[in-house]
Amino acid sequence: MSDCLFCKIIDGNIPAKKVYEDDRTFAFQDINPQAPTHVLIIPKKHVVDIKSAAPGDAELIGYCQLVAAKIAKERGLEGGFRTVYNVGPDAGQTVFHLHLHLLGGRPMTWPPG
Ligand code: 5GP
Ligand code: ZN
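Residues numbered from 1 in each chain as written. Chains lettered and ligands numbered in written order. Predicted model: local features only at pLDDT ≥ 70, side-chain atom pairs only at ≥ 80, totals over all residues. Heavy atoms only, no water.

1. Description of the pattern of salt bridges
Using the criterion set out here, one finds six salt bridges in the structure. Taking the shortest distance from any N to any O, the salt bridge between glutamate 74 and lysine 70 comes out at 3.9 Å. Separated by four residues within a single helix, glutamate 74 and lysine 70 lie in helix α2 (residues 58–74), roughly one turn from each other. A single salt-bridge network, built from bridges that share partners, covers Lys18, Glu21 and Lys44. (Salt bridge = Lys/Arg side-chain N within 4 Å of Asp/Glu carboxyl O. Helix = DSSP H or I, 4+ residues; strand = E, 2+ residues; numbered from the N terminus.)

2. Observations regarding the coordination of the zinc ion (ligand 2)
Around the zinc ion (ligand 2), the donor atoms from the protein are Cys4 (SG), Cys7 (SG), His46 (ND1) and His97 (ND1), and they sit 2.0 to 2.3 Å away. Because the angles between the four donor atoms bound to the zinc ion (ligand 2) fall within 105 to 116 degrees, the donor set is best described as tetrahedral. We note that the donor set of the zinc ion (ligand 2) lies within a single chain, spaced as C-x2-C-x38-H-x50-H. Each member of the pair, cysteine 4 as well as cysteine 7, carries the same accessibility label: buried. (Donors = N, O, S within 2.8 Å, 3.2 Å for Na, K, Ca; no water. Tetrahedral: all angles 85-135°; square planar, octahedral: opposite > 155°, others 65-115°. Buried < 20%, exposed > 50% of the residue type's maximum accessible area, 1.4 Å probe, protein only.)

Nothing here speaks to function; it is all geometry.
Next comes the structure, spelled out in structure tokens:
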């Protein structure tokens, strides 16, 4: 998608601090971190969000969780971390290319705001 911020980051047209990349996913530091670790894991395929994803995207959506766990392990977040898919404006989604937030490195409260 030519008009998508995160597609531009994947293509290298907008700079980002890359954390991880493989054939299906790209991970980079959030520009406005909400925790010592705040990484966004995104599929290279342009998917808007989980509610508009196709059944065939299920493995990719879950795979992003495994990438998050791998990054969390590399960063020594044994005590815990949080992964979040914000879905839609009411949940705070502002970028409409599917992205999984990985947050860690500080105590987390529940429920989230
Ligand atoms: P959302 O609110 O859609 O769940 O999350 C979007 C996230 O993308 C936010 O945490 C925001 O800080 C981050 N973000 C927005 N624009 C950029 C950008 O240009 N570069 C990076 N690295 N992160 C961004
Ligand atoms: Zn996109």
